[in-house]
Every structure is written in C-alpha cells, then in structure tokens.
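This is what each chain is made of:
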Amino acid sequence: MTNSINEIRDASCILAIGTNTTEDHPVIALEIMSAVNNGAKLVVANPREIDLCRRADIWLRLRPGTDVPLLMGMARVIVDDGLADEGFIGERCEGFEAFRESLQGFDLESVAHITGIPAEDIAQAARIYASNKPGSILYGMGVTQHAHGTDNVLAVANLALVTGNLGKHASGVNPLRGQNNVQGACDMGCLPNVYPGYQPVADDKFKEKFEAAWGSTMSTEPGLTLTEIFSAAHEGKIKAIYLVGENPVLSDPDASHVRESLERLDFLVVQDMFLSETAQFAHVVLPAASFAERDGTFTNTERRVQRVRQALAPAGDSRPDWWITCQIAKRLGGRGFDFDHPSEIMDEIARLTPSYGGISYPRLEREALHWPCPSAEHPGTRILHSEVFPRANGKGRFTPLEYKAPVEQPDAAYPLVLTTGRSLFHWHTGTMTRKVEGLNVLKGEETAQLNPADAAALGITEGEKVKVISRRGEVVARLAVTEQSPPGVVFMTFHFAESATNLLTNTALDPVAKMPELKVCAVRVEKLAA
C-alpha cells in the first residue's frame, strides 16, 4: 500500500476494485465503512454483488477480466471533462501525451460493450473519483490474478496519477495483500528476481554486495516463480523441492498438473504446521511452529513491520521455521547461519536491506514501523511518493495500454465463466480453519454459486449437487442459486479439499509477473446423476 490503513477513513472517495473487502479483509472494510459514514463516496467495481455494493454510490458490474477497459475508460472521461490534475501531471509525471493518445481506443461506447457496464455509469464513476479528493484506490486479487494482471495494476496507477491521488494523506494505490505476512516474504527476497529489499538479482552491483556478505557465489540469472517451478518439475528439469508453508495441491491452478509434478520429484520436503494435502506427497515432513510459538516479525499490507512474541512452547517436535532452515544449512556446510535468536537475523536484514536499515528489535519493542525506514533516526514512512517517485528522474510514469481479453473464453462446450475467491469463514486452503469446528458449522462444504437465470436454464435448483467441469478437470459441489453471481458466471472458493476448485483453473500466466489466471476460466455445470 502506498498509504496506511487508518488513512482510509479520511478519504473523500474510495474506489474498491477486485476486492471483496468485507469477507477477505474485514478489518480494512471497517475503515471503508467509517469513511462512508463520514460522507465519503464509494465506487465498487466487481462482477459479483458483494456486501460493499449495498453501501456504494455506484456499483460497476464489469465482466470478469475487463478491468483495463473500465479503468482506461474512466481515465478518458476524466481527461475529456477537464478533471485531470494538470499541475500534478506537469510537475511530477512523464509520458502523459502518449497515455492521452492511447485513451482514444477507450471511448465509452466501446468500453460499455466490452465491460457490460452502461456508459453513463462509467462516466459517473469517473467524475465521482476525480471530483472528490483525496481518493483512495483499494484492490485485491480480483485485479492481479489474470493473464494481464500487470496491465490491470498499471491501469490503476494511471488513474491515480491522472487525478493526482498519490503522495497525499488518505489517497494512493493500495493493494490488499492476500496473506498476513506475504508483504514481508516479498520484502525478504521470496521472489525469483530480487534479493531482500527488491535489489535486482540481474544487477552485478547487488550480486557482488551479497556475495561479499554471504561468502557465496551468486547467479545473475533470475529463478522461476511457483507456477513455473511445477512446470519444470513436470518436465524433469527440477528434481527436488523444499516447500515451506504452502499448499499448492489446493491453491495452485490446474491442481492435477501440480500433483503429477510432485509425484515426479526425486525428493520433496514440506515444512508446515499440519499434514496438508501437499505434505502427503512429501518424502520428509518437518513440523513448523505456529506464530504463537515463536518470536519474529510480520510485515503487513501497509508495509508496517510488527513484532510477534512467543506465547506458547512449540507443540511436540515442532520448531520455528528460521531455526529449521538454519539447521539444514549448517548441516550442508553453509556459512552465516549461526543465529541464536531472530533479532540477530533482523540485524542482518538491516545491514543488507536499505528500506529496513533503521529497523531493529529494540525499536520494534516500542513501536511498529513502516518501511522505508533507512536509519535508526528515521520515523518510518507511512505515505509513499510524497515528494518523488522511486525512479531515476523521480517522476511517475503513465503507461499506454491496450485491452487483452482473458486467455480462455466461454464456448458451446464450456459456456460459463468460473471466478474464484474466499469465504469470510475460511482462509486460503483451509489448512488451519477447516480444523475449527465452529467455522465448519458456519460453512462446511463448497458451493457453486450460480445466477437464477442460469440455474433455471440448466434445470437445477438450490441445494442440488452439481458437477463443475473445465478443460482440465471436474469437481462436485452443492449449488447455491443467488443474484450475487451475474448471469454466465459461477463463483467458488478454494478452501475445500473435497471440492478442489483449482482442479478447474487455468495456468495461463501474466507475461511480466507470471501470475496465473485464477480469476477466469471456462466451465460448464451439470446436474449430478442420482
């Protein structure tokens, strides 16, 4: 997030796109409600009728995968109506003329045809966002999990730039991360192309820096993403995987392919709290301690680094993840793993990661800190880009875009679109929450949510068991007939191993981020034979 969570309540306008915030991020949803109660305008862009729609000034029910034309169409209205922040654009941005030219391909008539949203609604939403400042854009994985997800994010950034809604209190581009410490994992280099602090692997300067620090020879060749790793394992190019805290048998697209890939490995180590569906494929399972059984830090979606303090002794033979990894490294002859406490690891992070340079356990005992925090005297940074953007010339860059349709389109054999998400009552693959009896009472099985018109056309009714079938597999679920799903769209979560929704989804990748297109695939629904 460019801004902090508690600023959301002070926004004059909130654009929530691709996020079912009340179910996926309920604490942040309270901030949205506070803003609305204070008079803020709320624009919701989502194919599904989510809870936020009830409080929205306008709901844009776009077709899945049409975010770019919607956002670029809104930008065109803003520019054509003279609502662009010309001062901000002139002083702090570059590339505007090329961007303005690209908007010619997004006239309202064309955008309405592609998105399924009435042209007047698109224009109204654009004027609301541009005219009520500060404006905050919140987005979730409904924006990123597409084969054109990078373009979606660039379109969001364009909209914030053209209105000057960056670098100011209660404004910004604010991605809501999908897990509690996924921001921290990325910060620490759990990406194939960067070292900690997003220092590029391909840059010789950083290669030499980390070689000197770690006493090892480093490569300038970026590695593979998770989805690419399983494809390489399937092809026999990767022989062993050490997997920590991940359950790709349920969470990754085309889960049958993932299972086949795991079966082809010579050696699989899984480190987790529970014997997950993926751990059942492992040759060795290493029991990891939970957050309550270890010391450490989490970095949340607003870049806030917070202390986690051990409250319980680890259960059984479980150990903290950092300790397990260090033990393996030392037994393999690795140097630099003689840590006795995670505070020592944080000290190394501060030495090697400029954005964490001023963060230490003594400081975190007193306060949480937002990175970048480059020195011990620095107070942390709640708002990014307040003076300059992190580019060589310090300016924000507009990006001309074109519309790219989802890779997989409905056809006669698979006439519906499947889109996936989460439930309020379970989290991710259910490794933890499915073990809570009360949560299983609230939601104990998967449902396939279908619009009443589609259900009637198929001759199936509420509560019946159905098969949902894609080009990659099929699952059984109970039908939920609801207006929340638009005509032509099926919605399912991925919490239930008994109905593993990602057996259906598509592995088509965004060419830049390598994110799979989990939010759109073609399916058909059939009544389950008696």
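Everything here concerns the structure above.
So, here is what we can say about the structure in this document.

Conventions used here
- Residues numbered from 1 in each chain as written.
- Predicted model: local features only at pLDDT ≥ 70, side-chain atom pairs only at ≥ 80, totals over all residues.
- Heavy atoms only, no water.
- Pairing = 2+ DSSP bridges.
- Helix = DSSP H or I, 4+ residues; strand = E, 2+ residues; numbered from the N terminus.
- Expected span 1.5 Å × (residues − 1).
- Buried < 20%, exposed > 50% of the residue type's maximum accessible area, 1.4 Å probe, protein only.
- Contact = heavy atoms within 4.5 Å.
- Phe/Tyr/Trp six-rings, centres within 6.5 Å; stacked < 30°, edge-to-face > 60°.

## Looking at the sheet that holds strand E12 (residues 296–299)
- One open sheet accounts for three strands, arranged E12-E13-E14; its pairing is antiparallel. A single partner strand is all that each edge strand has here, and the edge strands are E12 and strand E14 (369–370).
- As paired elements, E12 and strand E13 (residues 304–308) share four bridges and run antiparallel to each other. Bridging across to E13, phenylalanine 298 finds its partner in glutamine 306.

## Overview of helix H9 (residues 149–162)
- A rise of 1.5 Å per residue sets the reference length of H9, with its 14 residues, at 20 Å; its end C-alpha atoms lie 20 Å apart and thus fit the reference within 8%.
- Within H9, ten of the 14 residues are buried, which leaves it mostly tucked inside the rest of the structure.
- When H9 is considered as a whole, its buried residues turn out to be Gly149, Asp151, Asn152, Ala155, Val156, Asn158, Leu159, Ala160, Leu161 and Val162.
- The first or second residue beyond H9 is glycine 164, which carries a positive phi of 70°.

## Some thoughts on the environment of glutamine 199
- With respect to the helices, strands and loops of the structure, glutamine 199 is situated in strand E8 (residues 199–200).
- Given a relative accessible area of 4%, glutamine 199 falls into the buried group.
- In this structure the C-alpha to C-alpha distance between glutamine 199 and leucine 352, which are 153 residues apart in sequence, comes to 9.8 Å.
- In contact with glutamine 199, other than residues within four places in its own chain, are Val194, Phe206, Lys209, Phe210, Leu352, Thr353 and Pro354.

## A closer look at the packing of aromatic side chains
- This model, assessed by the stated rule, comprises eight aromatic pairs.
- Centre to centre, the rings of phenylalanine 210 and tryptophan 214 are 4.9 Å apart; their planes meet at 55°, and the pair counts as tilted. With phenylalanine 210 and tryptophan 214 both in helix H11 (residues 204–214) and four residues apart, this pair spans about one turn of that helix.
- In this structure tryptophan 214 comes out as partly exposed when scored by relative accessible area, which is 30%.

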